[in-house]
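Fold and contact review
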Amino acid sequence: MIKMTSLCRSFDKEIIKGLDATLPSCGFVSICGPSGCGKSTLLRILAGLDTDYSGSIEPSPREMKVSMAFQEPRLLPWRTAAENVNLVLGDKKETLQSSAELLLELGFEKGDLSKLPDELSGGMKARVSLARALAISDAQLYIFDEPFASLDAETARLCARVIRARTAGALCLAVIHDTKLAHEISDEVLYCKGSPLTALE
Amino acid sequence: MKILKKSAPFLGVALFWVLLWQLAAWKTGTALLLPSPLETLTRLWELAHTAEFFKITALSLLRVFAGALSAIIAGTLLAALCARFKVLERLLAPVITVVRATPVASFIILAMLWIGRGVLPSFISFLMVFPIVFTNVLEGISQVPKDLLEMARLFRLSPILKLRRIYLPSVAPYFTSAARSSLGLSWKAGISAEVLAFSPDSIGKMISQSKNHLETVDLFAWTAVIIILSVGIEFLFSRGIERLGRRIGGKSK
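Residues numbered from 1 in each chain as written. Chains lettered and ligands numbered in written order. Predicted model: local features only at pLDDT ≥ 70, side-chain atom pairs only at ≥ 80, totals over all residues. Heavy atoms only, no water.

For chain A, the count of helices and strands is 6 helices and 9 strands. Relative to the globule expectation of 17 Å for 201 residues, the C-alpha radius of gyration of chain A, 17 Å, shows essentially globular dimensions. Each principal axis of the C-alpha distribution contributes one length, and for chain A these read about 50 × 35 × 35 Å. With 201 residues in all, chain A has 53% of them scored as buried. Of the contacts made within chain A by residues no fewer than 6 positions apart, 68% connect residues no fewer than 24 positions apart. A total of about 8,900 Å² of accessible surface is found on chain A, and carbon and sulfur atoms cover 49% of it. In chain A, which carries 23 positive and 27 negative side-chain charges, the distance between the mean positions of the two groups comes to 1 Å. (Helix = DSSP H or I, 4+ residues; strand = E, 2+ residues; numbered from the N terminus. Rg over C-alpha atoms; globule rule 2.2 N^0.38 Å. Buried < 20%, exposed > 50% of the residue type's maximum accessible area, 1.4 Å probe, protein only. Contact = heavy atoms within 4.5 Å. Areas by Shrake-Rupley, 256 points an atom, 1.4 Å probe, with all protein chains shown as cover. Lys, Arg positive; Asp, Glu negative; His and termini not counted. Charge placed at Lys NZ, Arg CZ, Asp CG, Glu CD.)

Written out as structure tokens, the structure reads:
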């Protein structure tokens, strides 16, 4: 269970103000809300990338093993799709095969595994980023920031199935704009309330 | 046949300029002012048949490139340190600016007072290459995409993996472009230093001697040696860099 108490974060203006929320220790939880409501900021705080917040999070993001697929794919342009996934496994030859298999599970064609990011479509890049996050098999918290934004509905469902299968026993937190899809694939859907963000309901 | 077709335009251009040179030599009428291409080539052929020629050329190459290589290593390491410790960067900034702005002739003359004539070309070559490599590598490090570094932090990539897979490929284009442009410069500056310092067993000394003895054909022949070596080095370096680039995985700038 992750417990957030009086969480606040400001940049030029307040983005999150006095947020109290509790997240389960496992399952697929979707967060829905309009653009700019503080979803991504919250995810960055939970990932341990943003530490300039006030309030408390139990357990602290530093104590958790977190894996994440960013909103933008953030791939190394000079490494192939499979190598980008393999990077987080230590870039070892022995793990390249399992990295490739993960991509194949997410609907990649064999011929696309050795393509560089520049040669991949937006949807394919998003899946490489997804596979990279899923390659970490022992994370306690998986964070996905708009993982299905550039995927068609069918591929999004396929990816959601893979995510659920690969992260069983851990907590998956995903920002999803399509509320219908969010209800279909999640154990729980939370809506962002307030501007700045004050509650998740 | 294909090679002949490919090189035909180049050969045509070369022939045009050689003919123009020949015409100018005819018009001048004396090898003292302007030797003809044939006279230059003949002298070059004669020189190439002496043991001294290879010794002199090899020593000049060794001197200049020992300096350039030390500058490449020192410039890269120091740039990496400056990227890590900003105080060091601020401390070095005026030195780099002064070295870049000072005419090479001033350095040669000063260095003649400070160090031996033998090491002078290496020192001058070092001074030519160091600021260019340092500045470019530092710029390259500052341009490493922040979002990739954040990704590396999240996935707790090891420092070695970060260096190999993020820093090296990102900085490689800046490094190669600096090394390529400064290498030719260091070769020419190194030879100039040899001329002024009259370095023993050097191309510069031969040039200096040919000027003193009014042997313009010799001057042309040695200059041709410098040009041929310069083009050859640039070609070999570009090939080497391409290979290295492919291994590291960076893109060429």
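Looking only at helices and strands, one finds 10 helices and 0 strands in chain B. If you list the helices and strands of chain B from N to C, you get α-α-α-α-α-α-α-α-α-α. Overall, the C-alpha framework of chain B stretches about 75 × 55 × 30 Å when taken along its three principal axes. For chain B, the residues scored as buried account for 40% of the 253 residues in total. Here the analysis covers contacts within chain B between residues at least 6 apart in sequence; of these, 73% occur between residues at least 24 apart. Put simply, chain B shows about 14,800 Å² of open surface, and 71% of that area lies on carbon and sulfur atoms.

In this complex, chain A contributes 24 residues to the contact, which on the side of chain B involves 16 residues. Buried surface at the junction of chain A and chain B, both sides included, amounts to about 1,800 Å², of which 62% is carbon and sulfur. When the buried surface of chain A facing chain B is broken down by residue, Arg 74, Trp 78 and Leu 87 of chain A rank first, second and third, together holding 36% of it. Across the pair Arg 44 of chain A and Glu 150 of chain B runs a salt bridge, and its minimum N-O distance is 2.6 Å. On inspection of chain A and its partner chain B, the count reaches 5 residue pairs in polar contact (both at pLDDT 80 or more). (Buried area = accessible area lost by both parts, 1.4 Å probe. Salt bridge = Lys/Arg side-chain N within 4 Å of Asp/Glu carboxyl O. Polar contact = N/O pair within 3.5 Å; in protein donor to acceptor, adjacent residues only side chain to side chain.)

Glancing now at the pairing of strand 7 (residues 171–175) of chain A. Residue and element names in this part refer to chain A. Of all 5 residues that make up strand 7, 5 are buried, and the element is covered over most of its length. The alternating pattern of strand 7 places Leu 171, Leu 173 and Val 175 on one face and Cys 172 and Ala 174 on the opposite face, and all of these are buried. Direction of pairing for strand 3 (residues 27–32) relative to strand 7: parallel, over a ladder of 5 bridges. Each residue of the ladder has a partner; that of Gly 27, found in strand 7, is Leu 171. (Pairing = 2+ DSSP bridges.)

This model, assessed by the stated rule, comprises 18 salt bridges over all chains. A salt bridge links Lys 17 of chain A to Glu 14 of chain A, with the nearest nitrogen and oxygen atoms 3.9 Å apart. Judged by relative accessible area, which is 41%, Lys 17 of chain A ranks as partly exposed. Here Glu 46 of chain B and Arg 43 of chain B are joined by a salt bridge, their closest N and O atoms 2.9 Å apart. One end of the pair is Glu 46 of chain B and the other is Arg 43 of chain B, both in helix 2 (residues 37–48) and 3 residues apart, which spans about a single turn. In this structure Glu 46 of chain B comes out as partly exposed when scored by relative accessible area, which is 42%. By relative accessible area, Arg 43 of chain B is classed as partly exposed at 23%. Ionic contacts of the salt-bridge type, sharing partners, join the residues Arg 44, Glu 72 and Arg 74 of chain A together with Glu 150 of chain B into one network.

So, on to the nonpolar core. If you look at the biggest cluster of nonpolar residues, it comprises 123 residues, and the most contacted ones within it are Met 4, Leu 42, Leu 46, Phe 144, Phe 148 and Leu 200 of chain A together with Ile 203 of chain B. Sequence-distant contacts of Leu 46 of chain A, that is, excluding residues within four places in its chain, are made with Ile 2, Met 4, Leu 23, Ile 57, Pro 61, Met 64, Val 66, Leu 141, Ile 143 and Leu 173 of chain A. If you look at the next biggest cluster of nonpolar residues, it comprises 11 residues, including Val 99, Leu 120, Leu 127 and Ala 197 of chain B. (Core = buried A, V, L, I, M, F, W, Y, C linked by side-chain atoms within 4.5 Å.)

Now for the side chain of Ser 186 of chain A. Residue and element names in this part refer to chain A. With respect to the helices and strands, Ser 186 occurs in the loop between helix 6 (179–185) and strand 8 (188–193). Look at Ser 186 and you get buried, because its relative accessible area is 12%. Within the structure, the side chain of Ser 186 is placed 2.5 Å from the backbone oxygen of Ala 182, a separation counted as a polar contact. What Ser 186 contacts, discounting residues up to four positions off in sequence, is Phe 28, Ser 30 and Arg 164.

Purely geometric numbers; function is a separate question.
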